[in-house]
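Chains, contacts and geometry: an overview
Residues per chain, in single letters:
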Amino acid sequence: MTKLGVNVDHIATLRQARQAPEPDPVAAAILAELAGADGITVHLRGDRRHISDRDVRILRQTITTRLNLEMAVTEQMMDFALEVRPDSATLVPEREGEVTTEGGLDVIKNEKTIREATEKLQKAGLEVSLFIDPKPDQIERASSVGATMIEINTAAYAEAVPKGLKESNKAFQSELKKVIAAAQLAESAGLSVLAGHGLTYRNVGPVSDIPQIVELNIGHNIVARASLVGMERAVQEMLEAMNPAR
Ligand code: PXP
């Protein structure tokens, strides 16, 4: 069965909306684990708009599954990751002012920087994953820079079905095919394959059934539901929505 990594960034977004001490993403992460999450993901942004350094440090000491740190390749983030030592680091592009991550890394254009960062993090014992669009040339380059994992960006797939699978159309089918082809290519290149971005209770089924994809990282939609029904129920319901054909 496909694993679920829960991204708790937007619990912190709610806290930061009032610069308050709660809700605490650490508490949310523990509840997510109790509900069956296989890992916890946080994105420490340069502007610290949601997750803070303190959150990552405490998560490192408290959670019992796996901690995945999403990070841009900057000197500051590299120093932080090497100090706090999450289980894995997912390298992502970051543009100041963006609402959310806007696309995958350009591994071809930034090959040297990504290769050096990957090597440094791996030497310190971290697994390194690269967040990339479902494009064959990017996937091939990801394996040649030394990464052992990739996370396929499912944003275009998710955008093709904004209101759910019942409204599936040609764009949905073609975006799904791109994700399937990318997953197959990545696996044949020896990479572990993850996927995420924009996944929801309604659109997660087909992606979670792609056999090469071992784990999904899902954040906003789980937190949105958790704000109404609670974290544990929201995580359990996402796990139930995954793998309909397995
Ligand atoms: N994977 C990556 C690399 C991301 O940047 C994000 C957003 O923080 C996610 C997964 C989760 O996306 P969403 O919040 O849309 O589920």
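Heads up: the structure comes first, above all this text.
An account of the accompanying structure is given in this report. (Residues numbered from 1 in each chain as written. Predicted model: local features only at pLDDT ≥ 70, side-chain atom pairs only at ≥ 80, totals over all residues. Heavy atoms only, no water.)

**Details of the packing of helix 3 (residues 53-62) against helix 4 (residues 75-84)**
The condition that has to hold: Comment: axis = line fitted to C-alpha atoms, over the contacting stretch for helices; angle = value between 0 and 180 degrees taken between N-to-C directions. Under the scheme used here, helices are H or I runs from DSSP no shorter than 4 residues and strands are E runs no shorter than 2 residues, and both carry numbers assigned from the N terminus. Each angle is binned into one of four classes, with values under 35 degrees roughly parallel, values over 145 roughly antiparallel, values of 65 to 115 roughly perpendicular, and all other values oblique. By convention, the crossing between two helices is left-handed when the near helix turns anticlockwise from the far helix through less than a right angle, and right-handed when the turn is clockwise. Note on definitions: a residue-residue contact is assigned when non-hydrogen atoms from the two residues lie within 4.5 Å. In this classification, Asp, Glu, Lys and Arg are treated as charged, Ala, Val, Leu, Ile, Met, Phe, Trp, Tyr, Cys and Pro as nonpolar, and every other residue, Gly included, as polar.
Direction vectors running N to C along helix 3 and helix 4 enclose 25°, while the axes themselves pass 11 Å from each other. The angle between helix 3 and helix 4 falls in the class roughly parallel. Our pair here, helix 3 against helix 4, has a crossing hand that is right-handed. Across the interface between the two elements, Asp53, Val56, Arg57 and Arg60 from helix 3 touch Phe80, Glu83 and Val84 from helix 4. Residue composition of the contact of helix 3 with helix 4, by class: 3 nonpolar, no polar and 4 charged.

**Describing helix 10 (residues 220-229)**
For the record, the criterion: Each residue is assigned to one of three classes by its accessible area relative to the maximum for its type, calculated with a 1.4 Å probe on protein chains only: buried under 20%, partly exposed between the two thresholds, exposed over 50%. When we speak of the arc, we mean the arc of directions from the helix axis to the C-beta atoms.
Taken as a whole, helix 10 has its buried residues at Ile222, Val223 and Ala226. Viewed along the axis of helix 10, the buried residues span an arc of 95°, placing them on a single side of the element. Opposite the buried face of helix 10, by more than 90 degrees, sit the exposed residues His220, Ser227 and Leu228. Contacts from the buried residues of helix 10 go to strand 1 (3-7), helix 1 (9-17), strand 8 (213-218) and helix 11 (231-241). Just past helix 10, the residue Gly230 takes up positive phi, approximately 100°.

**A closer look at the pairing of strand 4 (residues 88-91)**
Filter applied, for reference: Pairs of strands are assigned from DSSP output, requiring at least two bridges between the strands. Handedness of a crossover is defined as follows: orient the strands so they point away from the viewer, and if the path from the first strand over the helix to the second runs clockwise, the crossover is right-handed.
Alternating positions in strand 4 separate into two faces, Ser88 and Thr90 on one and Ala89 and Leu91 on the other, with burial throughout. As defined by bridge partners, strand 3 (residues 67-71) adjoins strand 4 across 4 bridges and the pair is classed as parallel. Looking across to strand 4, one finds that Met71 is bridged to Leu91. On the question of chirality, the crossover connecting strand 3 to the parallel strand 4 by way of helix 4 is right-handed. The β-α-β motif built from strand 4, the intervening helix 5 (residues 111-123) and the parallel element strand 5 (residues 127-132) has right-handed crossover chirality.

Function-wise, these values are silent; they only describe arrangement.
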